[in-house]
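# Breakdown of the fold
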Amino acid sequence: MSATPANWYMVQYVQAEKNNKGTMEAASLFLRYLLELQEEGWFRGFLDALDQAGYSGLYEAIESWDFQKIEKLEEHRALLRRLQPVFKTRVNPKDILPDISECLIDQECEEIIQVCSNKGLMAGAEKMVECLLRSDKENWPKTLKLALEKEESVFSELWTVEQGAKGVETKDLGDEEIETSEIQIFYKEEPEYQNLSQNSSPPSEVAPLKIRNYQLELALPAKEGKNTIICAPTGCGKTLVSLLICEHHLKKFPQGRKGKVVFFAIHLPLYDQQKSVFSQYFERRGYKVAGISGATSENVVVDQIVENNDIIILTPQILVNSLKDGTIPSLSVFTLMMFDECHNTSKHHPYNMIMFNYLDQKLGGSSDPLPQVVGLTASVGVGDAKNRDEAMEHICKLCASLDASVISTVKDNLQELTEVVYKPEKNFRKVESRTTDGFKCIISQLMRETESLAKSIFDELGAVTPENLSRFQNRDFGTQKYEQWIIAVQKACIVFQLPDKAEESRICKALYLYTSHLRKYNDALIISEHARMKDALDYLKDFFNNVRAAGFDETEQDLTRRFEEKLPELESVSMDPSNENPKLKDLCFILQEEYHLNPETRTILFVKTRALVDALKKWIEENPKLSFLKPGILTGRGKTTNNTGMTLPAQKCALDAFRTDGDNKILIATSVADEGIDIAQCNLVILYEYVGNVIKMIQTRGRGRAKGSKCFLLTSNADVIEKEKMNMYKEKMMNDSILSLQAWDEAIFKEKVCQIQIHEKSIRDSQGKAKPVLDKKNKKLLCRKCKAFACYTADIRVVEECHYTVVGNAFRECFVCRSHPTPKIFGSFEKKAKIYCAREDCSHDWGICVKYKTFEIPVIKIESFVVEDIATRVQTLYAKWRDFHFEKIPFDAAEMSK
């Protein structure tokens, strides 16, 4: 608009509309004024202003009069609207803003920062959602996903972006060849040189290796070339053992032949650390060392890395993918495979996928040589075994999975091992809970009211209620099980649909609000159960203060009012000295006693949640009897609005302070500290309502390394003590079982392992052969977006078992090609172009065009189509080709030539 007085007033009106009613209303008013303009060139001026202000997506859409990209964003906007109540309670906007700023305009970024500063993080998160919902950038959903994953935000679990949802099976040749895998949780033990250890890099004096006799004993079977599982305690230096085995293996090859070692590490931090250790030790000895992880695999050629290096450090999924797509033709390219934390070789773990390939080659009669296999673990475990025979069977199955003929443990040098690795005595302390709990009564009443409000939503829905969502049978407030139910409800809301989208959005938003408040109440009950009522109440006050500072809609106002009505009662109960937690009295007594006996005591206090870490830190600092301990904290890296987690540098700083600062006498930690952190100075471990399985118990207890160490388990739950005693019994059963198996004749043990392998392979093969009944009827494929006809299933051909093309000229009339933005070569395929629905008003992405051998062929994605039964007209959606059981005809070059 030109700067006439009338136009100046229009600008002021628009600004006032924005301030009073919001951005959407201001934009509507602006467009009305715009359409009333008579000046020549106003439209061009409007486009230029859009471009200059940063609205590049909208500019391109209007310029080309093609709004498909912006329209495609609507499903993501709907999901974000639905998830808004969770987003603002689980995401710290300051953390992800730098990574998503390219999807917003500068003014919006400044507004988000300002709202965070003035009103708090929840209000800032709400502002961020508002801005993202207006974003015209095509890539904002994926950019948000990547930013959330980078910050390890728990919200990323709910924020699903279709393009990123690939499985780990052999993939269709699509636009993104990114390694993905199921999210799983595995236990891990510490390496000799941990990321978080005292030195930020491995010591330079690794040459020559200072090997102890027990380490030589552990390495001996593997040095003799036997497939071996090395089972030795946490902290004994198994990383040094692996270096010793690896060096001996590489040196044994005669002139003209070379060994090739692959070392697997499950977790990325451990991968980085082991890559550093192996590189520093072996590169100075003339060997080439390289590594590939999920974080680096996109930019490297796996087979070239393997071919050009002597030692390759991998996260296992890399090799699983490479074996499936043929990048690595077989395991015979390696001469030694080393599996760290090998107890995870079971079920569908990537370790087992690799060993399935190995065992198929072994049992299939292949003449190709197989690599030696070495596994490393602190505990082989016993599974669900109830007696020694069952435990021996479990261990034999692990040996069969790794083709191990020997279990190597320390027997001849036990004295030396016990001097290096001290096993602390373990004490059980049954503590009392409060006899009455007024705080829990009040909070439980609030939770029942909130549940009733949520249930009323389901009552409105009637018969269309999503399965299991309306079951409010679990009244076990203040438990992890209750939290899991809340998460299940929130996830189910993502896929819940109603014909009326506005009603669907209203219902889902309300459910998210109710469940988010229930989750906070549940957290508060857990804090109150194990710490002070005061800490639990402060936790809730902080939450509701953030709620008030944010959007504070009608539902939130109602929930806040209910809480505030109970606040005087809660304040009174939490300040009553008679409600002091007896558990804390016992904890205080143990700490006072231990520090009286040894003022130099260094303690790690393990607890279940981060909120409890903060509460106990506050309690120690405010307790005159314990404040001299000057507590430090160590928690995981996941982030939420109220708890930003700890970065690796922050974790290292906390550990360094605990090791070196004499005043910092206690470290309060979640499970992160039982997973691979070497704290040799620690001589007191307290497990505060904290217990795991036998493997985790062995690792946690291993944190107490100093001579005279003690380990206390404090719990009010007798079942927890029984479970821990059962773990101790299972540990003894495991050790006895290993000794029994070691007494077997090696040939007999090998035969036992082989029988298990044959049996397990027959089960795998039979499962593979139990194929679903094929539907041989010819069906139509329709464009999923516009429902235009694409092809018949009779015209589809399968290329190299996992890629799908369509023969015949008729199909070529149904799509158009555009140059591919990232052309690449993968195996036999050269990716050249993208293909789209030929209808001008659709242009839905159907797949890619590739050069395969001498043929130019389309490769289609089943998720781009709807499958229609010709007779019944019933339509079905498939996410993966493997789910579509039609008659699949192999690609035939002769057919194409005709």
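Predicted model only: the values in this text are computed from it and were never measured.

## What about the sheet that holds strand 17 (residues 803–806)?
Strand order in the open sheet formed by three strands is 17-16-25, and the pairing between neighbours is mixed. Each edge of the open sheet is held by one strand with a lone partner, namely strand 17 and strand 25 (889–890). In this sheet, strand 25 lies alongside strand 16 (residues 796–799) in parallel orientation, the contact comprising two bridges. From the neighbouring strand, Arg-797 faces strand 25, where its bridge partner is Ile-889.

## Remarks on the packing of helix 9 (residues 121–134) against helix 22 (residues 533–549)
Where helix 9 contacts helix 22, the two axes come as close as 7 Å, and the packing angle between them is 40°. Between helix 9 and helix 22, the angle is such that the two are oblique. Where helix 9 crosses over helix 22, the handedness of that crossing is right-handed. Every residue of helix 22 that contacts helix 9 at Leu-121, Met-122 and Ala-123 is listed here: Phe-543, Asn-546, Val-547 and Ala-549. Broken down by class, the residue content of the contact of helix 9 with helix 22 amounts to six nonpolar, one polar and no charged.

## Thoughts on the UniProt feature "binding site: Zn(2+)" (unreviewed entry) in the chain
UniProt's feature table lists "binding site: Zn(2+)" (unreviewed entry) at Cys-783, Cys-786, Cys-837 and Cys-842, given in the numbering used throughout. Position of Cys-837 among the secondary structure elements: in strand 20 (residues 829–837).

## Quick look at the environment of Glu-569
For Glu-569, the position within the fold is in helix 23 (residues 554–575). Since its relative accessible area comes to 42%, Glu-569 is described here as partly exposed. In this structure the C-alpha to C-alpha distance between Glu-569 and Ile-442, which are 127 residues apart in sequence, comes to 8.0 Å.

## Observations concerning helix 11 (residues 213–223)
Those residues of helix 11 not exposed but buried are Tyr-214, Gln-215, Glu-217, Leu-218, Ala-219, Pro-221 and Ala-222. For helix 11, the secondary structure elements touched by its buried residues are strand 1 (228–231), helix 12 (238–251), strand 6 (372–377), strand 7 (406–408) and helix 18 (414–420). In the stretch just after helix 11, Gly-225 is the one whose phi turns positive, near 90°.

## Focus on unusual backbone geometry
For Glu-341, which is not glycine, the phi dihedral falls at a positive 55°. One non-glycine residue, Lys-347, lies in the positive phi region at around 50°. When you line up the elements, Lys-347 lands in the loop between strand 5 (336–340) and helix 16 (350–363).

## Re the pattern of salt bridges
In total, this model carries 43 salt bridges according to the counting rule given. Close ionic contact of Arg-134 with Glu-108 constitutes a salt bridge, the shortest N to O distance being 3.1 Å. Of the two residues, Arg-134 sits in helix 9 while Glu-108 sits in helix 8 (residues 106–119), which places them 26 residues apart along the sequence. With relative accessibility at 25%, the residue Arg-134 sits in the partly exposed group. For Glu-108, a relative accessible area of 6% puts it in the buried group. Note that Asp-765 and Lys-761 form a salt bridge whose closest N and O atoms lie 3.2 Å from each other. Separated by four residues within a single helix, Asp-765 and Lys-761 lie in helix 29 (residues 746–769), roughly one turn from each other. Looking at Asp-765, the relative accessible area reads 30%, which means it is partly exposed. A relative accessible area of 17% places Lys-761 in the buried class. Overlapping salt bridges, with partners in common, bring together Arg-532, Lys-534, Asp-535, Asp-538, Lys-618 and Glu-622 in one network.

## Here's the deal with the sheet that holds strand 14 (residues 779–783)
Across the sheet, four strands lie side by side as 15-14-23-24; this open sheet has antiparallel pairing. Every other strand in the sheet has two partners, leaving strand 15 (789–792) and strand 24 (875–877) as the edge strands with one partner each. The average undirected angle you get between the axes of adjacent strands in this sheet is 30°. Two elements, strand 14 and strand 15, share three bridges in a ladder whose sense is antiparallel. Its bridge partner being in strand 15, Leu-781 is matched across the sheet by Cys-791.

About the criteria used
- Residues numbered from 1 in each chain as written.
- Predicted model: local features only at pLDDT ≥ 70, side-chain atom pairs only at ≥ 80, totals over all residues.
- Heavy atoms only, no water.
- Pairing = 2+ DSSP bridges.
- Helix = DSSP H or I, 4+ residues; strand = E, 2+ residues; numbered from the N terminus.
- Axes fitted to C-alpha atoms, helices over the stretch in contact; angles between N-to-C directions.
- Parallel < 35°, antiparallel > 145°, perpendicular 65-115°, else oblique.
- Left-handed = near helix turned anticlockwise from the far one by under 90°.
- Contact = heavy atoms within 4.5 Å.
- Nonpolar A, V, L, I, M, F, W, Y, C, P; charged D, E, K, R; others polar.
- UniProt positions renumbered as here; feature names shortened; annotations may be inferred.
- Buried < 20%, exposed > 50% of the residue type's maximum accessible area, 1.4 Å probe, protein only.
- Salt bridge = Lys/Arg side-chain N within 4 Å of Asp/Glu carboxyl O.

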